[in-house]
Amino acid sequence: MTYRPAPVSPGAPPAIPARLEPDAIGVTQDVVIGLANVGPALSVGLVLAGLAAAAAYGGAPVILLCMAPMLIIANAYRRLNLWSANCGASFEWVGRAINPYLGFFTGWIMIAANLLGTIAATVVLAPSVLAVFGNSATSKWPNLFIATAVLAVMLVIAVVGIRPAARTQVAMAAVEYAILIGFSIAGLVAVLGHHHGTYPITKGWFSVNGIGGHGDLAAGLLLGVFLFAGWGATVYVNEEVQHRRINPGRAAVFAVAILALIYLLAQLGLQGVVSPARLQASASSALVYIAQALGGGGWAKVMAFALALSVSASVGVGIVSLARITYGMATRRVLPAILGKVSHRFSTPAIASIVMGVILIAITWVYLLSTSVANLFTTLISVDGLLYAAFYVLTAFAVIAYYRHRIISNAWDALLAGILPVAAAGFLIWIIVKTLQTLPASGRWSLIGILAAGILVMLVARYVLRSPFFQISRESASREP
């Protein structure tokens, strides 16, 4: 493979020009990439029982409440991408609109959040595949073989190009969403028809306090935020999307709206298929259990197949996203320049993709072969939602900072780039505080370790790599569009 060298930025550089394949994918494919990074079937499977318990079956209002700030943040992504369509996304926006050091930390948190999220999908990859065939997921070597094989395939697709990666995601999404939506509708019909064993819908299902006022709104919102985390992948591939300044932001907004619709239908349609006691008893495999209750063992395997597709898609987009975030940061020389090189043959950040793929494969092996290390990774994964919330907050502050002159001169901008982002950031900060209050000591130490590692890497970028990114001046939009 031959590579184009990463450009060297001057002290106060303009936006890095796109060097990946331009106009390679359309807005629909980009929306699917954002959805796949979240993994709707996987997310519903992980949260369905927990949200039903926490919200006392009032999960639908909780999902709507979480959708609102996510749409606001997605619109912030849209507006900032109109200014600078760069794979570094929030790293670039926060660094140029607020402060380059804070921008670096934003990028570091983005890498950590996406890496931990992809690890979380990777470690359930093999059990999801084995469940399709009704096999036990307790044996280490089948787990290792399946996880490594799927990771290798997804890595090859990511290196070969964004076009095959997007086509693969669309094909998997069509099947996954059809199965999930089909079962959700079937479940809703069963519940509305008062089939034997179902749990009836009451007005409490549509109250923020749940049935009998027993719901814990804060606990429900914590799970709701987790459901949505990851849609920002639409922007990480912005250099390869048609109309790269416009479509990636639109795709982010569309992805959040579609996720909300899927989650509403799934929560309403599936949480009442079995009794509360049976739902909680099968919480770790809720979707497969519900599918079996609806149609027997054959349909349970169909749902397991949807979960396997969801996990595989999430892992594939995770590699693509991580490669492009690190590529975007490397072009600013805050990470080793080799990660910012682009393959002439494939027009992808091939080295960054390979590095991320190898890291994921290595971590998977260590996770499955070492119980003590597995416990550590489990703790790290538990703080992933906090990391996503943190860089969403910083992005909200970035849109306020960049459009600050328009906020005070235009009522519409004051609302969309001022008042609403402040409200969304406030909501997410509240979520972060509530989570930290209940987070075990191991989780807090994990966060401290991630931040300490970020400080160390930042010092290397500043004083060893001598990145000029740290000398850039603060930027803002003009008073008039």
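Refer to the preceding data block for the structure.
Residues numbered from 1 in each chain as written. Predicted model: local features only at pLDDT ≥ 70, side-chain atom pairs only at ≥ 80, totals over all residues. Heavy atoms only, no water.

Participant: Describe in detail the overall build of the protein, supporting the description with residues and values.
Facilitator: Along the backbone of the protein there are 20 helices and 2 strands. Whereas a compact globule of 481 residues would reach a radius of gyration of roughly 23 Å, the protein reaches 22 Å, a difference of no more than 12%. Oriented by its inertia axes, the alpha-carbon framework of the protein measures out at about 70 × 55 × 45 Å. Looking at the protein as a whole, 57% of its 481 residues qualify as buried. If you take every contact in the protein between residues at least 6 apart in sequence, the share linking residues at least 24 apart comes to 82%. If you sum the accessible surface of the protein, you get close to 18,100 Å²; carbon and sulfur atoms cover 70% of it. Between the averaged position of the 27 positive side-chain charges in the protein and that of its 12 negative side-chain charges there is a distance of 5 Å. (Helix = DSSP H or I, 4+ residues; strand = E, 2+ residues; numbered from the N terminus. Rg over C-alpha atoms; globule rule 2.2 N^0.38 Å. Buried < 20%, exposed > 50% of the residue type's maximum accessible area, 1.4 Å probe, protein only. Contact = heavy atoms within 4.5 Å. Areas by Shrake-Rupley, 256 points an atom, 1.4 Å probe, with all protein chains shown as cover. Lys, Arg positive; Asp, Glu negative; His and termini not counted. Charge placed at Lys NZ, Arg CZ, Asp CG, Glu CD.)

Participant: Could you give me a rundown of the nonpolar core, with the residues and numbers involved?
Facilitator: Ranked by internal contacts, the top residues of the largest apolar core, which has 167 residues, are Tyr77, Phe228, Trp231, Leu279, Val334, Phe391 and Tyr392. The greatest single-element share of this core, amounting to 17 residues, is contributed by helix H14 (residues 297–330). Leave out the neighbours within four places in its chain, and Val334 touches Phe91, Phe104, Met329, Ala461, Leu465, Ser467, Phe469 and Phe470. (Core = buried A, V, L, I, M, F, W, Y, C linked by side-chain atoms within 4.5 Å.)

Participant: Go over the pattern of salt bridges, please, and point to the residues and values.
Facilitator: One pass over the structure, following the stated rule, counts 6 salt bridges. Between Arg332 and Glu92 there is a salt bridge, with the nearest N and O atoms lying 2.4 Å from each other. Residue Arg332 is located in the loop between H14 and strand E2 (342–343), and its partner Glu92 is located in helix H4 (residues 90–97); the two are separated by 240 residues in the primary sequence. The burial state of Arg332 is the same as that of Glu92; both residues are buried. Of the charged contacts in the structure, one is a salt bridge between Glu475 and Arg96, with a shortest N-O distance of 2.9 Å. With Glu475 in the segment after helix H20 (441–463) and Arg96 in helix H4, this residue pair connects regions lying 379 residues apart in the sequence. The exposure class of Glu475 is partly exposed, given its relative accessible area of 24%. Each of Glu92, Arg96, Arg332 and Glu475 takes part in a single network of salt bridges with overlapping partners. (Salt bridge = Lys/Arg side-chain N within 4 Å of Asp/Glu carboxyl O.)

Participant: I'd like a description of the side chain of Thr234, backed by residues and values.
Facilitator: For Thr234, the location among the structural elements is in helix H10 (residues 233–236). On the basis of relative accessible area, Thr234 is assigned to the buried category, the value being 0%. In this structure the side chain of Thr234 is engaged in a polar contact, spanning 3.3 Å, whose partner is the backbone oxygen of Pro248. (Polar contact = N/O pair within 3.5 Å; in protein donor to acceptor, adjacent residues only side chain to side chain.)

Participant: A description of the packing of aromatic side chains should follow, citing residues and the corresponding values.
Facilitator: Scanning the model with the defined rule gives 19 aromatic pairs in all. Judged by centre distance (4.9 Å) and plane angle (85°), the rings of Tyr402 and Tyr403 are edge-to-face. Given a relative accessible area of 9%, Tyr402 falls into the buried group. Within the aromatic cluster, the residues linked to one another by ring pairs are Tyr77, Trp93, Trp231, Tyr388, Phe391 and Tyr392. (Phe/Tyr/Trp six-rings, centres within 6.5 Å; stacked < 30°, edge-to-face > 60°.)

Participant: So what about unusual backbone geometry? Which residues, and what values?
Facilitator: Positive phi values are uncommon outside glycine, yet His243 reaches one of about 55°. Relative to the helices and strands, His243 resides in the loop between H10 and helix H11 (247–270). Classification of His243 as exposed rests on a relative accessible area of 56%. Of note in the backbone geometry, Arg333 takes a positive phi value of approximately 65° without being a glycine.

Participant: Give me the lowdown on the packing of helix H1 (residues 27–38) against helix H8 (residues 162–192), citing residues and values where you can.
Facilitator: Direction vectors running N to C along H1 and H8 enclose 65°, while the axes themselves pass 9 Å from each other. Viewed along their axes, H1 and H8 adopt a mutual orientation that is roughly perpendicular. As H1 runs across H8, the sense of the crossing is left-handed. Contacts from Gln29, Val32, Ile33, Leu35 and Ala36 of H1 reach H8 at Ile162, Ala166, Arg167, Gln169, Val170, Ala173 and Tyr177. (Axes fitted to C-alpha atoms, helices over the stretch in contact; angles between N-to-C directions. Parallel < 35°, antiparallel > 145°, perpendicular 65-115°, else oblique. Left-handed = near helix turned anticlockwise from the far one by under 90°.)

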